Each structure stands twice: as C-alpha cells, then as structure tokens.
Amino acid sequence: MVVFLHGISVVNVPLRLNLEKDATTSENIWGNDIDEMDMVQVVNKFEKDEEKSRKSKRMRMNATTSEFKEVASVFNGLCKNFFKKNIENIIDYRTFLEQSRLSIRDLLLNAVQQGPIKYSIKLESTYEVPNTDVRENRAFKTKCRTLFLDTDINNNLDEDFIKIIQEENEMMLKGSGFSLLSIDGVLININRYSPLGGSSYIPLPACIEIQ
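In short, a report on the structure. (Residues numbered from 1 in each chain as written. Predicted model: local features only at pLDDT ≥ 70, side-chain atom pairs only at ≥ 80, totals over all residues. Heavy atoms only, no water.)

**Notes on the overall build of the protein chain**
From N to C terminus, the protein chain includes four helices and eight strands. The burial tally for the protein chain puts 36% of its 211 residues in the buried class. A sequence separation of at least 24 residues applies to 67% of the contacts in the protein chain between residues at least 6 apart. Summing over all exposed atoms, the protein chain offers an accessible surface of approximately 13,200 Å²; the carbon and sulfur share of this is 53%. (Helix = DSSP H or I, 4+ residues; strand = E, 2+ residues; numbered from the N terminus. Buried < 20%, exposed > 50% of the residue type's maximum accessible area, 1.4 Å probe, protein only. Contact = heavy atoms within 4.5 Å. Areas by Shrake-Rupley, 256 points an atom, 1.4 Å probe, with all protein chains shown as cover.)

Below is the structure:
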C-alpha cells in the first residue's frame, strides 16, 4: 500500500505489522484518528523493527550445529536466548519438536538449578507462496511460563508443543495462501525469576499499632 502525505507518495506501507507474529492475518495498521506525523513515525518504526528481526534471524541461521547455542544475553545474564537450528531440515513440526525435546528439557533443567526461571518457546519457520518468489518469516510462540525445580518439565513441554502446533494449524486454516518452505529452528527465552517474598516485617508506628 502506498501512503500519500499531501498528495506525495512517501513510502510503501505493508498491511502486515509483524512478519513474525503468531498466526498472522493482514490488518490495516492505521487507526481512524492518526495524523501525518504519527503515520510517518509508525512507518519508520515498522521498517526498523522488520530489518532488526531479519538481521537477528540471519545471524542465528549461521549456526552449523544442531545443539542449542546462546545467541543473546542482557541485564547481566538475567535474560538469555538460546537457538537450535534445524540442521536435519525436518519438515514436520511435531517431528522436529519431539526430536528437540531432550535438548530443550536439558537446557531448562540446567537453568532452573540456579533458581526459578520464566521461559518461552518460539518456533521459527519460512513460508512461501507457491510458484512465486514471495517468502515470509513466521513464528509460533508459547506463553511465558514459570519453572521451579519440582516442576514436571515434560508435562510443560507436552502443553507447549500442542500450543505451537495448534497455532500453525489455525494459520493454515485461515487460507493465507502460504505453504511451509522450511522449519528454521527453535528459540528458547530464559529469564531469571525472583518470586516476591512475604518475610519482611516493617513495624507500625505505636500510635497506629495500639488502635
């Protein structure tokens, strides 16, 4: 879509906000009440986020091993991303997830030894429109979940895998016109989690405590 500001074409604006959002559908990114400066800012942010996402994925796809590799770490290591590339070029989601189960479980189990964590799983893929050169990045994600030492990790992973496969199925049922080209890999986000404790005690002023 071409946006015109005062009759001047300024940019080609796609109708899709995020090429990696879950089970994407085309949607207009403009609301009913948005001025021209807001429109330009939204376009600029979209283009920056899109390019950043593409660069990050290209860097992850340079991996030459099927083992998990740390690809990002922020806040002094409190938040980390790990990526496992689909080296074997498995083309079935369920097969790839089950093949990755043991390495995902070991990664989470090792992380939770140091304290509770929150994690999420993101499966990255590439789709194409058949008989064209049109390709698009897609990602199917789980919600962020809390993990403790006594958590049944296998049960969590069962639920996570079902969620990912359901999202992919829902996208295909919407008839986007795209078909799966490749399953690129799985990205695991792990954050250190510190539950709020209730052990602190602050005494009340005497005038309030005696009431």
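**Focus on the nonpolar core**
Core analysis: the biggest nonpolar cluster contains 29 residues, and Ile-104, Leu-108, Ile-121, Leu-123, Ile-188 and Ile-190 have the highest contact counts within it. If you list the elements that add at least two residues to this core, you get helix 2 (93-112), strand 5 (117-128), helix 3 (153-173) and strand 8 (179-192). If you tally residues by element for this core, the top one is helix 2, at eight residues. Residue contacts for Ile-121: discarding those within four places in its chain leaves Ile-104, Phe-140, Lys-141, Thr-142, Leu-157, Asp-160, Phe-161, Ile-164, Val-186, Leu-187 and Ile-188. (Core = buried A, V, L, I, M, F, W, Y, C linked by side-chain atoms within 4.5 Å.)

**A closer look at a nonpolar patch on the surface**
Together, Val-74, Phe-75 and Leu-78 line one region of the surface with nonpolar side chains, adding up to about 320 Å² of accessible area. For Leu-78, a relative accessible area of 47% corresponds to the partly exposed category. (Patch = residues over 30% accessible without salt bridge, like charges linked within 9 Å, V, L, I, M, F, W, Y side chains within 5 Å. Salt bridge = Lys/Arg side-chain N within 4 Å of Asp/Glu carboxyl O.)

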